[in-house]
Amino acid sequence: MKTSPIIALDFDSSKKVFNFLEPFEGGINVKVGMQLYYKEGPAIVAKLKELGYDVFLDLKLHDIPNTVMSAMEVLATLGADMVNVHAAGGRSMMEAALEGLDKGTATGKKRPSIIGVTQLTSTDEQQVRDEQLIRASLQESVLHYAQLTKDAGLDGVVCSVHEAAIISEVCGPEFLKVTPGIRMLGGDVQDQKRIATPEESRKEGSTHIVVGRAITGATDPRAAYEEINALWKGME
Ligand SMILES: O=c1ccn([C@@H]2O[C@H](COP(=O)(O)O)[C@@H](O)[C@H]2O)c(=O)[nH]1
């Protein structure tokens, strides 16, 4: 995917998506999540691709290896540029996901990048300790999942900006660090816990930022996107 911000199209219909996208030029990065995909199905991915968007299909697969492999074989045919799984599903599940993608693209289609979700950006230290019963710190847990994801042969991870630098050190700068939880200074945090600004994302070494409500909920979404893009690229 290109390095411009990935807009999370968290809408409940394709009509709303295309109304929203109207003021934007084609060729930007967009993310199709569960809400939109479950409502509109594979057709939404095909339509966005046809219009020239780069698509991150964010379905966060997490199941037994065989099920994930079969599902990825199907997803591979949709034409998305990036897909993902939960790293907590384990190394064999992630290897199976990759195998599914390879099978699904065996006929010559380009294989999408595949990344593992480490700890959701809506998770904090207390949840890792008291709900997940993990005895390591949140950062150690994220780093562990990043290493596991790399060992399984995937292309990168979803993490927060706060772990991007250490993941680059350990897994290499080329390993993708796709970071949601992006907020403008003083912006509403909503359900996110590990947030950061676009400038911080650049400085910490995110390879991609995912931005939803800071753009989709703005009075002028196109202006919000341009501002975030400029800050992310270091042009302001
Ligand atoms: O750890 C994660 C993984 C995925 N997301 C997704 O990114 C967007 C963020 O939306 P905002 O409105 O900018 O908070 C959303 O689609 C999530 O499903 C994430 O936030 N954190």
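Predicted model only: the values in this text are computed from it and were never measured.

Procedures and definitions
- Residues numbered from 1 in each chain as written.
- Predicted model: local features only at pLDDT ≥ 70, side-chain atom pairs only at ≥ 80, totals over all residues.
- Helix = DSSP H or I, 4+ residues; strand = E, 2+ residues; numbered from the N terminus.
- Pairing = 2+ DSSP bridges.
- Axes fitted to C-alpha atoms, helices over the stretch in contact; angles between N-to-C directions.
- UniProt positions renumbered as here; feature names shortened; annotations may be inferred.
- Buried ≥ 20, exposed ≤ 12 C-beta atoms within 10 Å, placed from the backbone.
- Contact = placed C-beta atoms within 7 Å.
- Near = placed C-beta within 6 Å.
- Nonpolar A, V, L, I, M, F, W, Y, C, P; charged D, E, K, R; others polar.
- Expected span 1.5 Å × (residues − 1).
- Arc of directions from axis to C-beta.
- Core = buried A, V, L, I, M, F, W, Y, C linked by C-beta atoms within 7 Å.
- Parallel < 35°, antiparallel > 145°, perpendicular 65-115°, else oblique.
- Left-handed = near helix turned anticlockwise from the far one by under 90°.

Caption draft 1: Structural detail: unusual backbone geometry. Non-glycine residue Lys60 carries a positive phi angle of around 45°. Tracing the backbone shows Lys60 in strand S3 (residues 54-61).

Caption draft 2: Structural context of the sheet that holds strand S1 (residues 6-8). Read around the closed barrel, the 8 strands follow the order S1-S2-S3-S4-S5-S6-S7-S8; overall the barrel is parallel. Ignoring strand direction, the axes of neighbouring strands in this sheet form an average angle of 25°. With 3 bridges joining them, strand S6 (residues 156-158) and strand S7 (residues 176-179) adopt parallel strand pairing. By the bridge assignment, Val158 is partnered in S7 with Val178.

Caption draft 3: Region of the structure containing the UniProt feature "active site" (unreviewed entry) in the protein chain. The positions that UniProt labels "active site" (unreviewed entry) are, in the present scheme, Lys60. The class for Lys60 is partly exposed, based on 16 C-beta atoms found within 10 Å. Lys60 has contacts with Asn84, Val85, His86 and Val117, leaving out every residue within four places of it along the chain.

Caption draft 4: Focus on the site of the ligand. Taken together, the neighbourhood of the ligand is formed by 16 residues, with Ala8, Leu120, Pro180, Gly212 and Arg213 sitting nearest. Elements that contribute at least two residues to the shell around the ligand include exactly strand S8 (208-211) and helix H10 (213-216). A per-class count over the shell around the ligand returns 9 nonpolar, 5 polar and 2 charged.

Caption draft 5: Structural detail: helix H11 (residues 221-233). A rise of 1.5 Å per residue sets the reference length of H11, with its 13 residues, at 18 Å; its end C-alpha atoms lie 18 Å apart and thus fit the reference within 8%. Within H11 the residues assigned to the buried category are Tyr225, Ile228, Leu231 and Trp232. For H11, the angular spread of buried residues about the axis comes to 135°, placing them on one side. Away from its buried face, by an angle of more than 90 degrees, H11 presents the exposed residues Ala223 and Ala230. The secondary structure elements touched by the buried residues of H11 are S1, helix H9 (198-204), S8 and H10.

Caption draft 6: Looking closely at the nonpolar core. Ranked by internal contacts, the top residues of the largest apolar core, which has 66 residues, are Val55, Leu57, Ala97, Val157 and Val211. Ignoring sequence-local partners within four residues, the contact set of Val55 consists of Val30, Val32, Val45, Leu48, Lys49, Ala80 and Asp81.

Caption draft 7: A look at the packing of helix H7 (residues 138-151) against helix H8 (residues 161-171). Contact geometry for H7 and H8: axes closest at 10 Å, N-to-C directions at 40°. Judged by the angle between their axes, H7 and H8 are oblique. The element H7 and its partner H8 pack so that their crossing is right-handed. Here Gln139, Val142, Leu143, Ala146, Gln147 and Lys150 of H7 come into contact with H8, specifically with Glu163, Ile166, Ile167, Val170 and Cys171. Among the residues forming the contact of H7 with H8, the class breakdown is 7 nonpolar, 2 polar and 2 charged.

Caption draft 8: Focus on the pairing of S7. Residues Leu176 and Val178 point to one face of S7 and Lys177 and Thr179 to the other, with burial holding for every one of them. Of the pairings in the sheet, the one linking S7 to S8 comprises 2 bridges and is parallel in character. Bridging from a neighbouring strand, Thr179 pairs with Ile209 of S8.

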